[in-house]
Amino acid sequence: MNKNSSNIMALAPNTSNKRETVCIFGTGDFGRALGHKMIQSGYPVVYGSRSTQISNLIPKDAEVLSHAEAAQKAAIIIIAIQRQHYNFLVPLAEILHGKVLVDISNNLKLNQYPESNAEYLAQLLPGSRVVKAFNTVSAWALQSGTLDASRQVFVCGDDVEAKQMVMNIVRALGLTPLDKGSLLAAQEIENYPLQLFPMWKFPIFLSLGLTTFFFFYCLALDVIYTYIYEKNNFSFFIAITIPNRVCPVMALILLALVYLPGVFAAIIQLYRGTKYRRFPDWLDKWMLCRKQLGLIALAFASLHVVFTLVTPLRAFVSWRISKGIISQALNNKTEPLNNTNAWISDCYLALGILGFFLFVLLGITSLPSVSNNVNWREFRFVQSKLGYLALIFCTAHTLVYGGKWFLNPSAYKWYLPNIYMLSLVIPCAVLVVKFVLIFPCVDKPLTQIRQGWERNPKHSE
Ligand code: NAP
């Protein structure tokens, strides 16, 4: 009987698990949104404000007191006030002594102040325990409940216990705390909401620059040249023909640019005979945005597929086909099927399809939801081995497309190569160097270097 009742006791809800009162300084947008969410999660909330008049914007169940009175009611105080007003806290230093102050502030510019706002708060109130949190969550997301995409809350602070208390609140609100370490990390956390696609900048500018260059290159060779020398007006090429030339070229070049920094890194490591020296900054940055380069390449490849699929619908193509049929009828002569051409065209299409399939596979495995579910070896297998295979297929697709045209002088309008020829330079260079790198006499020392071996160790005994 006793045993049973003790089991029942263990299953009964813990009624002593009452939430501690939380104080919020500031009844502005963020203070109100956070207070509302906290009340929903069972926290009694007391506001510290310059005006104790209750406005109907403030959550119903919250109390509004003066800063000093409110601070006395809670061990945790969330400072929902802009940094430039922090001075008003100094006279409250005694009341705030030993309390956990949560700095949620953001700035208007990256590295706006020499120290982070949280460090500044800690300097103003050395007796308080400052924790940085919540600054990456917006008042709007808190209010509208659209936190699905940004459940992570970065937390940092020098006092471990204070940090734990704040992380418990974060969890109770249904969010995920991510411990970023000491208060030194606050600057980085404060810069985070101000960054605008940092990893995408270089890939996007590079893609825009190359696309513009190739577009005008094609315009000159396919439209202007034809107009001047053949008196044909092919200006409608701007809509589909030229984009369908630029897209595959961009896809191939960008895919090669994903693998080029790895090749550079291997050459640098072989040359230096160590992996313990930093790569040049440009190479580091390039390596960090390989995923973005690959995703843009995939976007170009997908556009190429769509442009190609609509080809039979084009008036120009139907006209060319009917022109061919009529000329055969007029000459009373049927062109026999050229078996070599049929082979070339089928191989060209097959290589394109295989290359695109692997391209899509690379794109899918780079998504966090997928990459988090594969181990490092599996991820490397897909991104490196299958990635190189995709590069081989796509390069071969372009080489077969060019076929005999590489040696035909009429392919060089104004003595300039066609853009698919230009697009082959980087991929071929990457594949040739990679081929050299996998030779055992090169691969063996490179693997040793990557495992920590040094040609001239600095710290030898
Ligand atoms: P806000 O709407 O302008 O509210 C700021 C509050 O600070 C005011 O309502 C006021 O509250 C108090 N205040 C203003 N001047 C003061 C002074 N001289 N002395 C003392 N208190 C003063 O701003 P907010 O959008 O809530 O942002 C507050 C903080 O949260 C900022 O540091 C911001 O960077 C950060 N934050 C905001 C968001 C967001 O989505 N809004 C997201 C992340 C972080 P009382 O009238 O009650 O005194």
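Quick caveat, the model's predicted, so the values are computed rather than measured.

Residues and numbers for helix H12 (residues 290–309), please.
Three- or four-residue spacings in an α-helix give side chains the same orientation, since the helix completes a turn every 3.6 residues. With 20 residues, H12 extends 29 Å between its outermost C-alpha atoms, agreeing within 8% with the 28 Å of an ideal straight helix rising 1.5 Å per residue. Those residues of H12 that sit buried are Gln 292, Leu 293, Gly 294, Ile 296, Ala 297, Leu 298, Phe 300, Ala 301, His 304 and Phe 307. The inward-facing, buried residues of H12 abut helix H9 (201–230), helix H10 (241–272), helix H11 (281–288), helix H14 (339–365) and helix H16 (376–402).

How would you summarise the layout of surface pockets if you had to cite specific residues and measurements?
Considering only enclosed or pocket space, the second largest pocket measures out at about 1,600 Å³ in volume. Lining the second largest pocket are 42 residues, with Tyr 259, Gly 262, Arg 290, Arg 380 and Ser 384 sitting closest to its centre. Residue assignment for the lining of the second largest pocket shows that the elements contributing at least two residues are H10, H11, H12, H14, H16, helix H18 (425–437) and helix H19 (440–450).

I'd like a description of the domain arrangement of the chain, backed by residues and values.
The domain boundaries assigned to the chain delineate domain 1 (22–194) and domain 2 (200–451). One C-alpha centre belongs to domain 1, the other to domain 2, and the line joining them spans 50 Å.

Could you give an account of the UniProt feature "domain: Ferric oxidoreductase" (unreviewed entry) in the chain, naming the residues involved and the relevant values?
Per the UniProt record, "domain: Ferric oxidoreductase" (unreviewed entry) is found at residues 249–383. Split by type, residues 249–383 is 79% helix and 0% strand. Its first and last C-alpha atoms lie 21 Å apart.

Requested: an account of the site of the ligand, with residues and values cited.
Taken together, 19 residues lie around the ligand, and Thr 27, Phe 30, Ser 49, Asn 106 and Ala 139 are the ones closest in. At 3.0 Å, a backbone N or O of Asp 29 approaches an oxygen atom of the ligand. The contact in question runs from an oxygen atom of the ligand to an N or O atom on the side chain of Gln 82, over 3.3 Å. Contact with the protein chains hides 76% of the accessible area of the ligand, taken as 880 Å² for the molecule alone. Taken together, the residues of the shell around the ligand break down into 7 nonpolar, 10 polar and 2 charged.

Please give an account of the environment of Ile 296 that cites residues and values.
Inspection of the secondary structure assignment puts Ile 296 in helix H12. Between the C-alpha atom of Ile 296 and that of Ser 207, which follows or precedes it by 89 residues, the distance is 7.9 Å. Apart from residues lying up to four places away in sequence, Ile 296 is in contact with Trp 200, Pro 203, Ile 204, Ser 207 and Leu 254.

Can you lay out the UniProt feature "domain: Pyrroline-5-carboxylate reductase catalytic N-terminal" (unreviewed entry) in the chain for me, pointing to particular residues and giving the numbers?
The UniProt entry lists residues 21–107 under the feature "domain: Pyrroline-5-carboxylate reductase catalytic N-terminal" (unreviewed entry), expressed in the numbering used here. Here residues 21–107 is 25% helix and 22% strand, with 28 Å between the C-alpha atoms at its ends.

With reference to specific residues and values, describe the pairing of strand E8 (residues 176–179).
Both strand E7 (residues 152–157) and E8 contribute to a ladder of 4 bridges, which runs parallel. Residue Phe 154 lies in a different strand from E8, and its bridge partner there is Leu 178.

Could you give an account of helix H7 (residues 160–172), with specific residues and numbers?
Taking 1.5 Å of rise per residue, the 13 residues of H7 would be expected to cover 18 Å, and the 18 Å separating its terminal C-alpha atoms lies within 8% of that figure. Two or three places before Glu 161, at the opening of H7, Asp 159 has a side-chain oxygen 3.0 Å from that residue's backbone nitrogen. Looking at the residues trailing H7, positive phi occurs at Gly 174, about 85 degrees.

Can you lay out the packing of aromatic side chains for me, pointing to particular residues and giving the numbers?
A full pass over the atoms with the stated rule returns 24 aromatic pairs. An angle of 90 degrees between the planes, with centres 5.6 Å apart, marks the rings of Phe 215 and Phe 216 as edge-to-face. Residue Phe 215 is classed as partly exposed on the basis of its relative accessible area of 23%. Geometrically, the ring pair formed by Phe 435 and Phe 439 is edge-to-face, given 5.4 Å between the ring centres and 80 degrees between the ring planes. Note on Phe 435: relative accessible area 51%, which makes it exposed. Chaining the aromatic ring pairs together yields one cluster made of Phe 234, Phe 236, Phe 237, Phe 316 and Trp 319. The positively charged end of Arg 83 is found above the aromatic ring belonging to Tyr 113, 3.6 Å away from the centroid. Note that Arg 83 overlies the ring of Tyr 120, its terminal NZ or CZ placed 4.1 Å from the centroid.

So, the sheet that holds strand E2 (residues 45–48): which residues are in play, and what are the values?
Read from one edge to the other, the open sheet built from 8 strands follows the order E3-E2-E1-E4-E5-E6-E7-E8, with strand pairing classed as mixed. The open sheet terminates on both sides in strands that have one partner only, identified here as strand E3 (63–65) and E8. Recorded for the sheet is a direction-independent mean angle of 30 degrees between the axes of neighbouring strands. Bridge analysis of E2 against E3 gives 3 bridges, and the strand direction is parallel.

Explain the environment of Ile 104 residue by residue, including any values.
Counting through the fold element by element, Ile 104 comes out in the loop between strand E5 (100–103) and helix H5 (117–124). For Ile 104 and Arg 83, which are 21 residues apart along the polypeptide, the C-alpha to C-alpha distance reads 9.6 Å. For Ile 104, the residues in contact, after removing those within four places along its chain, are Phe 30, Ile 78, Ile 79, Ala 80, Lys 132, Ala 133, Phe 134 and Asn 135.

Hey, could you go over the packing of H10 against H11 for me, with residue numbers and the actual values?
For any two helices packed against each other, the geometry is given by the interaxial angle and the distance between the axes. Put simply, H10 and H11 touch, their axes get as near as 9 Å, and they point 140 degrees apart. Here H11 runs oblique to H10, going by the angle between their axes. Taken as a pair, H10 and H11 cross one another with a handedness that is left-handed. Contacts from Leu 257, Leu 260, Pro 261, Phe 264, Ala 265 and Ile 268 in H10 reach Trp 282, Leu 283, Trp 286 and Met 287 in H11.

Definitions and limits used
Residues numbered from 1 in each chain as written. Predicted model: local features only at pLDDT ≥ 70, side-chain atom pairs only at ≥ 80, totals over all residues. Heavy atoms only, no water. Helix = DSSP H or I, 4+ residues; strand = E, 2+ residues; numbered from the N terminus. Expected span 1.5 Å × (residues − 1). Buried < 20%, exposed > 50% of the residue type's maximum accessible area, 1.4 Å probe, protein only. Contact = heavy atoms within 4.5 Å. 1 Å grid on protein atoms, 1.4 Å probe; cavity = no way out; pocket = protein on both sides within 12 Å on 5 of 7 lines; lining within 4 Å. Points joined across faces, edges and corners; volume = space filled by probe spheres on them. Domains from an automatic or database assignment. UniProt positions renumbered as here; feature names shortened; annotations may be inferred. Near = heavy atom within 4 Å. Polar contact = N/O pair within 3.5 Å; in protein donor to acceptor, adjacent residues only side chain to side chain. Areas by Shrake-Rupley, 256 points an atom, 1.4 Å probe, with all protein chains shown as cover. Nonpolar A, V, L, I, M, F, W, Y, C, P; charged D, E, K, R; others polar. Pairing = 2+ DSSP bridges. Phe/Tyr/Trp six-rings, centres within 6.5 Å; stacked < 30°, edge-to-face > 60°. Lys NZ or Arg CZ within 6 Å of the ring centre and 35° of its normal. Axes fitted to C-alpha atoms, helices over the stretch in contact; angles between N-to-C directions. Parallel < 35°, antiparallel > 145°, perpendicular 65-115°, else oblique. Left-handed = near helix turned anticlockwise from the far one by under 90°.

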